Amino acid sequence: MDKKIQELKNKAVLEITGSFDLKSLEDLKVKYLGRKGEVTQILRSLADLSIEQKKVIGPQAQALRKELEELIDKRSAELKNKKTRSFDVTRPGKKIKTGHLHPLTLVEKEIIDIFKSMSFSVVDSGPEIETEYYNFDALNIPKNHPAREMHDTFWLEKNSAKNNKMLLRTHTSPMQIRYMEKHKPPFQIIVPGKVFRYEATDASHEINFHQVECLMVGRDISLANLKYTVEQFYSRVFMRKLNARLRPSYFPFVEPGLEIDIQCVKCGGRGCNICKESGWLEVTGAGMVHPNVFKSAGYDPKEYQGFAFGAGVERIAMLKYNIPDIRMFYNGDLRFINQF
Ligand code: FA5
């Protein structure tokens with residue numbers, strides 16, 4: 001193609017496709033195709049050319065005029081269409097639906113933040129597929145110990161050694177041993193994690209749920225540290241001052257073993273439907289770390305003391321948001337999830 005026509009074409013196409021309103025498009029039409037337009041001028045000048053030049057330039061100039069006419073019509077339609085679709089910038093925007101965190105994740109994050117603010121370290125949750133040794137033996141629950149029946153266990157056949165079977169961990173307490181094997185006291189940690197129990201579900205029991213294990217070990221740790229930590233933690237989660245009450249209980253990995261109650265989060269202890277008029281809510285199993293557990297981890301039990309407790313995250317979330325049935329967390333009903 002003739003160099004001059006090619007350059008003209010490039011320039012015109014660029015300007016026409018870049019025009020932003022009908023007025024500037026009309027100006028371009030005049031500029032290129034009007035009576036004195038640049039393409040029209042070329043067509044007019046054909047008269048002065050030789051026959052050979054006319055044969056070459058003539059069809060190219062005609063083709064360019066046609067092409068630009070079509071391009072202008074197309075751009076004009078686009079701009080008109082844009083005009084009718086113009087929007088009112090003062091109208092409120094459409095709400096964009098975004099995802100959000102699951103209520104259990106939100107509560108777990110809050111629990112973590114509270115413990116962090118109390119100078120606890122947050123330890124990685126560890127393996128959910130655990131060995132019999134860490135889940136039971138090392139926690140002072142030897143084979144055939146009746147306490148194993150308290151934990152209805154999903155046993156795994158695959159990869160199980162004869163004397164150390166694999167299972168889905170029934171609590172986060174195995175992480176006590178795993179952590180102590182690698183670290184020396186003093187320390188104060190929490191381990192949030194998923195656990196599994198082979199039991200029938202109801203409004204307060206799931207087969208998989210979450211716990212937060214809390215462990216503090218040092219040279220002068222006592223029940224007073226445990227009581228203070230529990231009271232601080234629950235008061236902050238439920239945003240009101242709550243006292244704790246310690247009752248004797250039994251877990252093989254602690255001595256003494258305790259159930260801890262806190263004052264009712266709804267009535268503060270006066271008595272209501274949530275606490276069944278008792279004023280107290282049972283919130284966590286706890287106790288002072290058993291000497292045999294320290295021995296499993298390679299510590300000298302005469303040198304160190306520690307406390308531990310394991311709280312259910314779902315149960316905390318249920319109390320916090322007044323959720324009547326634990327199964328609501330897992331059935332995927334968006335009418336529930338979207339309230340958070
Ligand atoms: C334990 O699992 C102990 N490892 C806790 C512990 C840790 C005691 C350290 C002493 C020292 P327990 O089985 O009670 O204890 O469970 C602890 C919490 O998990 C319960 O208080 C409850 O909040 C929650 N929980 C237990 N079973 C279920 C279940 N099926 N569904 C939902 N939450 C559960």
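Given the structure is predicted, the values throughout are model-derived calculations rather than measurements. (Residues numbered from 1 in each chain as written. Predicted model: local features only at pLDDT ≥ 70, side-chain atom pairs only at ≥ 80, totals over all residues. Heavy atoms only, no water.)

**What to know about the overall build of the protein chain**
- Tallying secondary structure elements over the protein chain gives 11 helices and 10 strands in all.
- Its C-alpha atoms give the protein chain a radius of gyration of 38 Å, more than 25% over the compact-globule value 20 Å for 340 residues.
- The principal-axis extents of the C-alpha atoms in the protein chain amount to approximately 115 × 50 × 40 Å.
- Counting all 340 residues of the protein chain, 44% fall into the buried class.
- Contacts in the protein chain between residues at least 24 apart in sequence constitute 65% of all its contacts with a sequence separation of at least 6.
- Approximately 19,600 Å² of the protein chain is accessible, and the part contributed by carbon and sulfur atoms is 53%.
- Counting 53 positive and 43 negative side-chain charges, the protein chain places the averaged centre of each group 6 Å from the other. (Helix = DSSP H or I, 4+ residues; strand = E, 2+ residues; numbered from the N terminus. Rg over C-alpha atoms; globule rule 2.2 N^0.38 Å. Buried < 20%, exposed > 50% of the residue type's maximum accessible area, 1.4 Å probe, protein only. Contact = heavy atoms within 4.5 Å. Areas by Shrake-Rupley, 256 points an atom, 1.4 Å probe, with all protein chains shown as cover. Lys, Arg positive; Asp, Glu negative; His and termini not counted. Charge placed at Lys NZ, Arg CZ, Asp CG, Glu CD.)

**With respect to the pattern of salt bridges**
- By the definition in use, this model includes 21 salt bridges.
- Taking the shortest distance from any N to any O, the salt bridge between Glu15 and Lys31 comes out at 3.0 Å. One end of the pair, Glu15, is in helix H1 (residues 3-17); the other, Lys31, is in helix H2 (residues 22-33), with 16 residues separating them in the sequence.
- On the basis of relative accessible area, Glu15 is assigned to the partly exposed category, the value being 29%.
- The salt bridge partner of Arg219 is Glu303, with a shortest N-O separation of 2.2 Å. Here Arg219 is found in the loop between strand S6 (208-218) and helix H8 (223-237), whereas its partner Glu303 is found in the loop between helix H9 (291-296) and strand S10 (305-312), with 84 residues between them in sequence. (Salt bridge = Lys/Arg side-chain N within 4 Å of Asp/Glu carboxyl O.)

**Examining the pairing of strand S5 (residues 187-196)**
- Counted residue by residue, S5 has 8 buried out of 10 residues, so it is predominantly covered.
- By the bridge criterion, 2 bridges tie strand S1 (residues 121-122) to S5 in an arrangement that is parallel. By the bridge assignment for S5, Val122 is matched with Ile190.
- With 10 bridges joining them, S5 and S6 adopt antiparallel strand pairing. (Pairing = 2+ DSSP bridges.)

**Describing the packing of H1 against helix H3 (residues 38-45)**
- Two elements in contact, H1 and H3, have axes whose closest approach is 11 Å; the angle formed by their N-to-C orientations is 160°. Here H1 is positioned roughly antiparallel relative to H3, judged by the angle of their axes. Handedness of the H1/H3 crossing: left-handed. Two secondary-structure elements touch here, H1 through Ile5, Leu8 and Lys11 and H3 through Glu38, Val39 and Ile42.
- Grouping the constituent residues of the contact of H1 with H3 by class yields 4 nonpolar, no polar and 2 charged. (Axes fitted to C-alpha atoms, helices over the stretch in contact; angles between N-to-C directions. Parallel < 35°, antiparallel > 145°, perpendicular 65-115°, else oblique. Left-handed = near helix turned anticlockwise from the far one by under 90°. Nonpolar A, V, L, I, M, F, W, Y, C, P; charged D, E, K, R; others polar.)

**Some details on the side chain of Ser173**
- Within the element layout of this structure, Ser173 appears in the loop between strand S4 (164-168) and helix H7 (174-182).
- Among the residues examined, Ser173 registers a relative accessible area of 4% and is labelled buried.
- A polar atom in the side chain of Ser173 sits 2.8 Å from the side chain of Glu213.
- Setting aside residues up to four positions removed in sequence, Ser173 forms contacts with Leu139, Glu213 and Phe253. (Polar contact = N/O pair within 3.5 Å; in protein donor to acceptor, adjacent residues only side chain to side chain.)

**Quick word on the site of the ligand**
- Neighbouring the ligand are 23 residues; His171, Ser173, Arg197, Glu199 and Glu206 lie closest to it.
- At 2.9 Å from an oxygen atom of the ligand is found a side-chain nitrogen or oxygen belonging to Arg197.
- Summarising the interface, the protein chains cover 92% of the accessible area of the ligand, which totals 670 Å² for the free molecule.
- Residue assignment for the shell around the ligand shows that the elements contributing at least two residues are S6, strand S9 (280-289) and S10.
- The element that contributes the greatest number of residues to the shell around the ligand is S10, accounting for 4 residues.
- Among the residues making up the shell around the ligand, the classes are represented as 9 nonpolar, 9 polar and 5 charged. (Near = heavy atom within 4 Å.)

**Focus: the packing of H1 against H2**
- H2 packs onto H1 with a crossing angle of 165° between their chain directions and a minimal axis gap of 10 Å. Looking at the two axes, H1 sits roughly antiparallel to H2. Regarding H1 and H2, the two cross each other, and that crossing is left-handed. On H2, the residues touching Leu8, Lys11, Ala12, Glu15 and Ile16 of H1 are Leu25, Leu28, Lys31 and Tyr32.
- Its residues placed into classes, the contact of H1 with H2 shows 6 nonpolar, no polar and 3 charged.

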